[in-house]
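Each chain, written out:
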Amino acid sequence: MLFTGGTIRTLDPAAPVVGQLAVRGALVAEAADDGAEVADLGGRCLLPGFTDSHVHFPTWSLGLRQARLEGARSLEEALDRVVAARSHVREGGWLRGLGWREGDWTEAPTREALDRAVADVPVALMSKDYHSLWLNSAALERADAPLEVQGGVVEESGILRENAAWAFRDRYVRPTVDEMVEASREGMRVAASRGVVAVHDKDGWLGAFEVFERLLEAGELGVRVWQSFPWDRLDDLRGLGLRSGFGNDMLRMGYLKGFMDGTLGSATARLLDGSGVEISSREVLEEVVRRGAEAGWPVGVHAIGDGANRAALDAFEATRGAWKPRGLRPRIEHAQLLDDADVARFAELGVAASVQFSHAPSDRDLAERLWEGRQGAYAYRSLLDAGTLLANGSDAPVEELDPLAGIVAGVLRTLDERPAWRPEQAVTVEEALHAACVAPAWLEHAEERRGRLRPGMMADAVVLDRDPFTCPPEELPEVTVEGTLVGGRWTYRSF
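Quick summary incoming for the structure in this document. Residue numbers here run from 1 along each chain, matching the order of that chain's written sequence. Per-residue local features are limited, in this predicted model, to residues with pLDDT of at least 70; the limit for side-chain atom pairs, both in listing and counting, is 80 or more; totals at the level of whole chains, interfaces and linings are taken over all residues. Only hydrogens and water are set aside when side-chain values are computed; all heavy atoms of the structure are taken into account.

So, about the overall build of the protein. Only DSSP runs of H or I with at least four residues qualify as helices, and only runs of E with at least two residues qualify as strands; both kinds are numbered from the N terminus onward. Each helix and strand in the protein was counted, giving 17 helices and 24 strands. Two things to know: the radius of gyration comes from C-alpha atoms, and the globule rule equals 2.2 Å times the number of residues to the power 0.38. The globule rule puts the C-alpha radius of gyration for 495 residues at 23 Å, and the 22 Å found for the protein is close to it. For the protein, the C-alpha atoms occupy an extent of roughly 70 × 55 × 50 Å along the three principal directions. A buried classification covers 58% of the 495 residues belonging to the protein. The contacts in the protein between residues at least 6 apart in sequence include a share of 75% that link residues at least 24 apart. Only protein chains enter the accessibility calculation, which uses a 1.4 Å probe; a residue is then buried when its area is under 20% of its type maximum, exposed when over 50%, and partly exposed in between. Only heavy atoms enter the contact rule, under which two residues are in contact if any of them lie within 4.5 Å.

On to the sheet that holds strand 19 (residues 331–334), then. Pairs of strands are assigned from DSSP output, requiring at least two bridges between the strands. On the basis of which strands lie adjacent, the open sheet formed by 8 strands has the order 8-15-16-17-18-19-20-21 and parallel pairing. Each end of this open sheet is capped by a strand with a single partner; those strands are strand 8 (50–55) and strand 21 (390–392). Averaged over all pairs of adjacent strands, the angle between their axes in this sheet comes to 25°, without regard to strand direction. Of the strand pairs in this sheet, strand 17 (residues 251–259) and strand 18 (residues 299–303) are connected by 4 bridges, and their pairing is parallel. Each residue of the ladder has a partner; that of leucine 256, found in strand 18, is valine 299. For helices, the fitted line uses only the C-alpha atoms of the stretch in contact; every axis is such a line through C-alpha atoms, and the angle between N-to-C directions lies from 0 to 180 degrees.

Let us now look at the packing of helix 9 (residues 282–295) against helix 10 (residues 306–318). In contact at an axis separation of 9 Å, helix 9 and helix 10 are set at 40° when each is read in the N-to-C sense. Judged by the angle between their axes, helix 9 and helix 10 are oblique. Taken as a pair, helix 9 and helix 10 cross one another with a handedness that is right-handed. Residue-level contacts link Arg282, Leu285, Glu286, Val289 and Arg290 of helix 9 to Ala311, Ala312, Asp314, Ala315, Phe316 and Ala318 of helix 10. Under the grouping applied here, Gly and all other residues not named as nonpolar or charged are polar, the nonpolar ones being Ala, Val, Leu, Ile, Met, Phe, Trp, Tyr, Cys and Pro and the charged ones Asp, Glu, Lys and Arg. Residues that form the contact of helix 9 with helix 10 fall into these classes: 7 nonpolar, no polar and 4 charged. Comment on the angle field: the value is read as roughly parallel under 35 degrees, roughly antiparallel over 145, roughly perpendicular from 65 to 115, and oblique elsewhere. In a left-handed crossing the near helix is turned counterclockwise from the far helix by less than a right angle, and in a right-handed crossing that turn is clockwise.

As a further point, take helix 7 (residues 208–217). By the burial criterion, the buried members of helix 7 are Ala208, Phe209, Val211, Phe212 and Leu215. Along helix 7, the residues classed as buried sweep out an arc of 160° about the axis, all on the same side. Turning to helix 7, the residues buried within the fold contact helix 1 (57–63), helix 6 (177–192), strand 15 (196–201), strand 16 (224–230) and strand 17. One or two positions beyond helix 7, positive phi appears at glycine 219, with a value near 75°. The arc in question is formed by the directions pointing from the helix axis toward the C-beta atoms.

Before going further, it helps to spend a moment on the environment of arginine 174. In this structure, arginine 174 sits in the loop between helix 5 (163–173) and helix 6. Exposure remark for arginine 174: the relative accessible area of 35% places this residue in the partly exposed category. Considered as a pair, arginine 174 and tryptophan 94 are 80 residues apart in the sequence and their alpha carbons are 9.9 Å apart. Residue contacts for arginine 174: discarding those within four places in its chain leaves Arg96, Arg169, Trp205, Leu206, Gly207 and Arg233. In protein, a polar contact requires one atom able to donate a hydrogen and another able to accept it; more generally it is a pair of N or O atoms within 3.5 Å, and residues adjacent in sequence count only if both atoms are side-chain atoms. Polar side-chain contacts of arginine 174 include one of 2.7 Å to the backbone oxygen of tryptophan 205. Among the polar contacts listed, one links the side chain of arginine 174 to the backbone oxygen of leucine 206, at a separation of 3.4 Å.

Right under this line is the structure:
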């Protein structure tokens, strides 16, 4: 195939813009074969395909069919959506949903309120930040074990937070592998229509690797997957002799994932003032990093508050002698609130910041209210200026899996009609695309195979209706995906 007739941006510093791009098989080639199909871009823009560096893919895919509460402006509006979803529940099944955020409401979510809406089937609704679970009485009656667990919060209102929420979810509300496979087929179609060629999946705890493995075996896996695993599974992985990077170009084992603290939305982020919830201590992280390094596994850790981020950076610094000589590439997920003294430490230590540009405009009101306008929140410009590697993701289903929306959020610092929030922390279009295309491949040790369009690299690309580098900034929200290729094969095409 030979692409011509448009703007072709390779993101390769040696040849950032080329007039034509040849594809032979799964790879970018020096020249097209004789008689190769000519793909006339018609003035469109061809770029490397997008990688979502933080997505719960099967969970997001399942959410496409569940009660969706994002944007509900009141408790009653959320309950109306739950009632509407009741008709889709199979006999003996659960009514699942996600996306509520109590900070947006004047009335608090309670078990009693949920009972008024739906009482005859168990209801389990995950919050937008995925760290709180809202249950009705029928759901709580299913519990045959204590709700209280270490690192969890159980409220009289029927809300479970942090480890308590996840323990209940895993024990009672967990979907089957067959359900996840079926939902992920639809999810891949949606992802392809949004230019996604690869994901760093976070649903390892849910058995996502088996989901993707089944799709791969059936010849249906249309997105490259770098799979994380909970760090408490390290002994199992080590016992099998499995290391990071095992797999093929479509499905590989990636890294170990754990949590330092909670979230902004649930008011459980661990702050330097001592507030919030400590899920894992610095000492625990140090032990995991050392053991992981011995077994060939890098570590990524969720850290939201400035206290959690400092503890994580301290742990990576204390263990640098274990992971750095082995070439491992650690990452902190989210890095949402940072003390000024810690911003430069990411680059100094070689720890990547796996961020979500969309979180900044989405969380702006909560951040101002709960963090009282303190500096260091969603400080992407500061991190970049300090030399930090930024990789961007969506955290779907927390935000929508939509790389273009993430790029808009990073550049404009707003996703609605309001002025930019903390515009001094905005990134450029080029920086946003680097975070969505190039940096994720580097984290995978795949920088010589993916992320740029140069001969010998994977022909993973996206076709946009216009060039995001040259269109006016106010037009960025209007940019659309018109084609997606994975390994030289169309997974979506509308032109």
